[in-house]
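# Structural overview
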Amino acid sequence: MSKVVIVGGGAAGMFASIAAAECGHQVVVYEKNEKLGKKLYITGKGRCNITNACDMEGLFEAVRTNAKFLYSSFYGYTNQQVIDFFERINVPVKIERGDRVFPVSDRSSDVIRGLEREMDRLGVEVHLRTAVKKIVEKDGHFEKVILGDQTQVCADACIVATGGLSYQSTGSTGDGFRFAESLGHTVTECMPALVPMECKEDWVPELQGLSLRNVNVTICDGKKKLYDDFGEMLFTHYGVSGPLILSASSYVGKKLKAKELTLKIDLKPALSEEQLDHRVLREFEENQNRQFKNAVHKLFPSKLIPVMIELSGIDPEKKVNVITKEERLGFVRLIKNLECTLTGLRDYNEAIITKGGIKIKEVDPGTMESRLVKGLHFAGEVLDLDAVTGGFNLQIAWSTAYAAGTGIENADE
């Protein structure tokens, strides 16, 4: 039996404590917040998208950075095992659109309570409002942690599960990166990921709050296509958000930091241009004696109508029966290709996760143990791993935490 110190009581820290305690270790968790799982509480809009029920291939495809590194941990603790675990600790789950897994209650607090009950059952010692200030190694081995009040806590192993830099109000302030660097680790360039984006055009704020479903979004750098997907998006007072946009940010974020990009929205992806032209023509024929501004109400949500009329360049007072074929085809092209300019990412306060982190070449993929300091392990978002939305980032947290928690035993053998 080893004494294990875990720094951070979020998803990865809580799960690592359970895994380590199940292996018979004496486990102590230090969390600087007043409660455990603060970021977990707000994930999935407070519903907590626990994991994704897709097949293993789907899991790896969803990972944007260093998917190969996760081979051992994903197979070591699969998404099905995560589902079984929560069912076993009395947090029943359900599967929704896109294979996303949620608690049946739709309450993230139930997920946190379930984890806390399990930690309690296994005798995990938890210290809230207790910040770790420093991690100390001696001769290439982890030795102790020093708390904020200068108390020194010696232990056999330490798991750093402090999260990244996103949602800093929940305590993700980059402590783990500082600890890792002070012990000789490399931290790759960090940036907000799964984050909304800002737009240049002044018509965008007019659409604030408008959610578009079943649209196709393409993001281009000149003629080069960087991202293309179908789903749901949302207009905000500064730009765009919603599932499609958040996922896109993980593909285009780096490029967007360097230059402006073009966002193209196909409002009617189910129709070809020709089919859409027939549809518009039908609307025009039914409203032929009305003004253009009053003839397109069936084509768009009401909030979008004035913007589309303005961007079409067609006089809103013009009678539909005198609109030219060229004007009509231009209007069809606009519906299939509504363009705006992306100017940048929002900051960490709005980012679901952090892209970048502790360099994975310096970490053992089987046990999450540092290759530089024996007995020091990492789990969750502190590592240079990230995925698209849909429960995949929490699966990374559970799988790496399990590998770290169960990997300690091997470190002692």
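Residues numbered from 1 in each chain as written. Predicted model: local features only at pLDDT ≥ 70, side-chain atom pairs only at ≥ 80, totals over all residues. Heavy atoms only, no water.

### Brief notes about the packing of helix H10 (residues 305–312) against helix H11 (residues 325–336)
For the pair H10 and H11, interaxial distance at closest approach is 10 Å and the crossing angle is 130°. Here H10 lies oblique to H11, going by the angle between them. Viewed along their axes, H10 and H11 form a crossing whose handedness is right-handed. Contacts from Met308, Leu311 and Ser312 of H10 reach H11 at Phe331, Leu334 and Ile335. Per-class residue counts for the contact of H10 with H11 are five nonpolar, one polar and no charged. (Axes fitted to C-alpha atoms, helices over the stretch in contact; angles between N-to-C directions. Helix = DSSP H or I, 4+ residues; strand = E, 2+ residues; numbered from the N terminus. Parallel < 35°, antiparallel > 145°, perpendicular 65-115°, else oblique. Left-handed = near helix turned anticlockwise from the far one by under 90°. Contact = heavy atoms within 4.5 Å. Nonpolar A, V, L, I, M, F, W, Y, C, P; charged D, E, K, R; others polar.)

### Some points on the UniProt feature "domain: RsdA/BaiN/AoA(So)-like Rossmann fold-like" (unreviewed entry) in the protein chain
Annotation from UniProt places "domain: RsdA/BaiN/AoA(So)-like Rossmann fold-like" (unreviewed entry) at residues 3–406. From the first C-alpha to the last, residues 3–406 spans 13 Å; its make-up is 31% helix and 25% strand. (UniProt positions renumbered as here; feature names shortened; annotations may be inferred.)

### Overview of the UniProt feature "domain: RsdA/BaiN/AoA(So)-like insert" (unreviewed entry) in the protein chain
As annotated in UniProt, the feature "domain: RsdA/BaiN/AoA(So)-like insert" (unreviewed entry) corresponds to residues 192–353 in the numbering used here. Between the first and last C-alpha atoms of residues 192–353 the distance is 6 Å; the span itself is 31% helix and 28% strand.

### Quick look at the packing of aromatic side chains
Evaluated as defined, the whole model comprises 15 aromatic pairs. Between the aromatic rings of phenylalanine 60 and phenylalanine 74, the centroid separation amounts to 5.3 Å while the plane-to-plane angle is 55°, which identifies the pairing as tilted. On the criterion of sequence distance, the pair formed by phenylalanine 60 in helix H3 (residues 56–62) and phenylalanine 74 in helix H4 (residues 71–76) is long-range, its members being 14 residues apart. One aromatic cluster is present, formed by Phe15, Tyr77, Phe85, Phe86, Trp398 and Tyr402 through successive ring pairs. Arginine 64 extends its terminal NZ or CZ atom over the ring of tyrosine 251, reaching a point 3.6 Å from the ring centre. (Phe/Tyr/Trp six-rings, centres within 6.5 Å; stacked < 30°, edge-to-face > 60°. Lys NZ or Arg CZ within 6 Å of the ring centre and 35° of its normal.)

### Here's the deal with the side chain of asparagine 216
When you line up the elements, asparagine 216 lands in strand S14 (residues 211–221). The class of asparagine 216 is buried, set by a relative accessible area of 19%. Here the side chain of asparagine 216 touches aspartate 228 through a polar contact of 2.7 Å, side chain to side chain. Beyond its immediate stretch of four places on either side in the chain, asparagine 216 contacts Asp228, Asp229, Phe230, Lys264, Ile265, Asp266 and Pro269. (Buried < 20%, exposed > 50% of the residue type's maximum accessible area, 1.4 Å probe, protein only. Polar contact = N/O pair within 3.5 Å; in protein donor to acceptor, adjacent residues only side chain to side chain.)

### As for helix H6 (residues 108–121)
An ideal rise of 1.5 Å per residue puts 20 Å on 14 residues; H6 measures up with 20 Å between its terminal C-alpha atoms. Positive backbone phi, at 80°, marks glycine 123, one or two positions downstream of H6. (Expected span 1.5 Å × (residues − 1).)

### Re the nonpolar core
Ranked by internal contacts, the top residues of the largest apolar core, which has 135 residues, are Phe86, Ile135 and Phe331. No other element matches helix H12 (residues 392–412), which puts nine residues into this core. Not counting chain neighbours up to four residues away, the residues in contact with phenylalanine 86 comprise Ile50, Val91, Pro92, Val93, Val111, Leu115 and Trp398. (Core = buried A, V, L, I, M, F, W, Y, C linked by side-chain atoms within 4.5 Å.)

### Details of the environment of serine 172
Residue position: serine 172 is located in the loop between strand S11 (157–160) and helix H7 (175–182). Spatially, the C-alpha atoms of serine 172 and aspartate 266 are 37 Å apart, while their sequence positions differ by 94 residues. Engagement of the side chain of serine 172 in a polar contact is seen with the backbone oxygen of serine 166, the distance being 3.3 Å.

### Considering the layout of surface pockets
Size it by volume and the second largest pocket reaches roughly 150 Å³. Residue lining of the second largest pocket: 13 residues in total, with Thr65, Ser250, Lys254, Lys355 and Gly356 positioned closest to the centre. If you list the elements that add at least two residues to the lining of the second largest pocket, you get strand S4 (63–65) and helix H8 (243–258). By residue number, the principal contributor to the lining of the second largest pocket is H8, which donates six residues. Along the lines of polarity and charge, the residues of the lining of the second largest pocket split into one nonpolar, six polar and six charged. (1 Å grid on protein atoms, 1.4 Å probe; cavity = no way out; pocket = protein on both sides within 12 Å on 5 of 7 lines; lining within 4 Å. Points joined across faces, edges and corners; volume = space filled by probe spheres on them.)

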